[in-house]
Amino acid sequence: MNEPNPVIIFETLNAFQRTGALKAAIELKVFTVLGAGPLPATAIATATGTSERGMRILCDYLAVIGFLEKSVDGYSLTPTAAVFLDQKSASYMGSVAGFVAADAIMDTYRDVAGAVRKGGTLLANGGSTNVGFELWVEFAKSMAPMMKPAAHFIADLVAEKHDAGPLRVLDIAAGHGLFGITIAERMPDAEIVAQDFERVLEVANENAKLAGVHDRYTLLPGDAMAVEFGENYDFILLTNFLHHFGTDTCITLLKKVRAALKPGGFAVTLDFIPNEDRVTPAVSATFALTMLMSTDQGDAYTFAEYEQMFAAAGFGNNRLIDVPNSPSRLVLSCNA
Ligand SMILES: Nc1ncnc2c1ncn2[C@@H]1O[C@H](CSCC[C@H]([NH3+])C(=O)O)[C@@H](O)[C@H]1O
């Protein structure tokens, strides 16, 4: 570990190759074609309408980085590729490439030094928190599969905390809507109010229809900082949202959240929350760079920082909870 070794330099400088290769394999449906069993490069090339040379080189690359296995029968799927990248799998999540590795996102990384100099995003108008940020509809359409484990975890938590009877839930920055929709599926008396920009809520509304919970699903379009939330909510969800803003803005929003909760109601914050060292665990710690590149003031806040923000907004009781099968953690804050 402490021996000097230049490999990490090459691996890091050409990490864009990995992104490009995986994006291409998803786009060309290589993993779906291989879902039926091992095939040689020639057969994969025929099935995907590509060149044999190109497919051989792509499949060898995917074997090197761990998405395919190579044997005398040709290429086959690794367990991860079989579960998450074959379109026929119920847990397919290839769609996340449409947001995570979108051209507009990748373009921002052409000038990390510029964002570091400035201390904020180089995107126009504050980046991803602006109503005009184009990619949120793409996020809503593509990212739901990644959120499934956390959505079920939160629905379980809500069911555990709530006695039988009517239940009002506000899902702030709902996106695809999965978090509120999963609660509605679990609890037949739950009424969900979904808040987000108008064109994003169209996606959530469609998902609510598909899930058959549409009659208990209300839309509250607009900027979360400006719209009236209403009151008497049992639970208010803040999933993957607070990280976009500076602490003062978060505190202002959290005061509004508290005012909209019933006494004894809960704010449920799901986020990338690194340890106090800010360098572990890797996924949460590196998320801070995502915020530097796409927002003016956002960050991957530690639990101590969340505690301070929630306390400043009047929440005295905050608990950090790990979410199984997810890199995210949850802060459960009671309006005691
Ligand atoms: N100012 C804002 N007001 C309301 N929604 C916003 C604002 N800025 C960003 N958003 C939404 O915040 C969401 C962040 S992505 C998170 C979506 C979902 N809660 C999830 O956890 O997967 C996107 O759907 C954006 O449209």
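Everything quoted here is computed from the prediction, not taken from an experiment.

(A) Structural detail: the nonpolar core. Counting 49 residues, the largest nonpolar core has Ile-154, Leu-167, Phe-179, Ile-183 and Leu-330 as the members making the most contacts within it. Ranked by the residues each element gives to this core, the list is headed by helix H11 (residues 144-161), at nine residues. Setting aside anything within four residues of it in sequence, one finds Ile-154 in contact with Phe-179, Ile-183, Leu-237, Thr-239, Val-268, Leu-270 and Leu-330. Counting 31 residues, the second-largest nonpolar core is a separate cluster that includes Ile-251, Val-257, Ala-267 and Phe-315.

(B) Region of the structure containing the site of the ligand. The environment of the ligand is made up of 21 residues, and the closest members are Ala-173, His-176, Asp-196, Thr-239 and Asn-240. A distance of 2.6 Å separates a nitrogen atom of the ligand from a polar backbone atom of Ala-173. Here Thr-239 contributes a side-chain N or O atom positioned 2.7 Å from a nitrogen atom of the ligand. Mapped onto the shell around the ligand, the elements with two or more residues apiece are helix H10 (135-142) and strand S4 (190-196). Classifying every residue of the shell around the ligand gives ten nonpolar, nine polar and two charged.

(C) Quick peek at the layout of surface pockets. The calculated volume of the second largest pocket comes to roughly 230 Å³. If you go around the second largest pocket, you meet 13 residues; those closest to its centre are Ala-144, His-176, Leu-178, Asn-207 and Leu-210. Secondary structure elements with two or more residues in the lining of the second largest pocket: H10, H11, helix H12 (178-186) and helix H13 (198-211). Here the lining of the second largest pocket is built from residues that sort into eight nonpolar, two polar and three charged.

(D) Summary view of the side chain of Asp-271. Position of Asp-271 among the secondary structure elements: in strand S7 (residues 261-271). In this structure, Asp-271 is buried with no salt-bridge partner, the nearest side chain bearing the opposite charge being Arg-329 at 10 Å. A distance of 3.2 Å separates polar atoms of two side chains, one belonging to Asp-271 and the other to Tyr-306. When neighbours within four sequence positions are excluded, Asp-271 is seen to be in contact with Asn-240, Phe-241, Leu-242, His-243, Tyr-306, Ser-328 and Arg-329.

(E) Main features of the pairing of strand S6 (residues 233-239). When you tally the buried positions in S6, you get seven out of seven residues, the bulk of the element. Here strand S3 (residues 167-172) pairs with S6 via four bridges, running parallel. Each bridged residue has a counterpart across the sheet, and for Ile-172 the counterpart in S6 is Leu-238. Sheet analysis places S6 next to S7, joined by six bridges and oriented parallel. For Phe-235, the partnering residue across the bridge sits in S7 and is Phe-266. Crossover connection from S6 via helix H14 (residues 247-260) to parallel S7: handedness right-handed.

(F) Up close: a nonpolar patch on the surface. Nonpolar side chains collect at one region of the surface, where Ile-8, Ile-9, Phe-10 and Leu-13 lie side by side and expose about 480 Å² of accessible area between them. With respect to the helices, strands and loops of the structure, Ile-9 is situated in helix H1 (residues 7-13).

(G) Representation of H10 in the model. Among the eight residues of H10, six are classified as buried, and the element is accordingly described as predominantly covered. Of all the residues in H10, the buried ones are Leu-135, Trp-136, Val-137, Phe-139, Ala-140 and Ser-142. Contacts made by the buried residues of H10 are with helix H7 (97-100), helix H8 (103-108), H11 and H13.

(H) Representation of the UniProt feature "domain: O-methyltransferase dimerisation" (unreviewed entry) in the protein chain within the structure. Per the UniProt record, "domain: O-methyltransferase dimerisation" (unreviewed entry) is found at residues 11-85. Along residues 11-85 the backbone is 64% helical and 11% strand, and the end-to-end C-alpha distance reaches 24 Å.

(I) Representation of the environment of Gly-132. Among the structural elements, Gly-132 can be located in the loop between helix H9 (112-118) and H10. Of the residues examined, Gly-132 reaches a relative accessible area of 40% and is grouped as partly exposed. In this structure, the C-alpha to C-alpha distance between Gly-132 and Phe-197, residues 65 residues apart in sequence, is 9.4 Å.

About the thresholds
Residues numbered from 1 in each chain as written. Predicted model: local features only at pLDDT ≥ 70, side-chain atom pairs only at ≥ 80, totals over all residues. Heavy atoms only, no water. Core = buried A, V, L, I, M, F, W, Y, C linked by side-chain atoms within 4.5 Å. Buried < 20%, exposed > 50% of the residue type's maximum accessible area, 1.4 Å probe, protein only. Helix = DSSP H or I, 4+ residues; strand = E, 2+ residues; numbered from the N terminus. Contact = heavy atoms within 4.5 Å. Near = heavy atom within 4 Å. Polar contact = N/O pair within 3.5 Å; in protein donor to acceptor, adjacent residues only side chain to side chain. Nonpolar A, V, L, I, M, F, W, Y, C, P; charged D, E, K, R; others polar. 1 Å grid on protein atoms, 1.4 Å probe; cavity = no way out; pocket = protein on both sides within 12 Å on 5 of 7 lines; lining within 4 Å. Points joined across faces, edges and corners; volume = space filled by probe spheres on them. Lys, Arg positive; Asp, Glu negative; His and termini not counted. Salt bridge = Lys/Arg side-chain N within 4 Å of Asp/Glu carboxyl O. Pairing = 2+ DSSP bridges. Right-handed = clockwise from strand over helix to strand, strands pointing away. Patch = residues over 30% accessible without salt bridge, like charges linked within 9 Å, V, L, I, M, F, W, Y side chains within 5 Å. Areas by Shrake-Rupley, 256 points an atom, 1.4 Å probe, with all protein chains shown as cover. UniProt positions renumbered as here; feature names shortened; annotations may be inferred.

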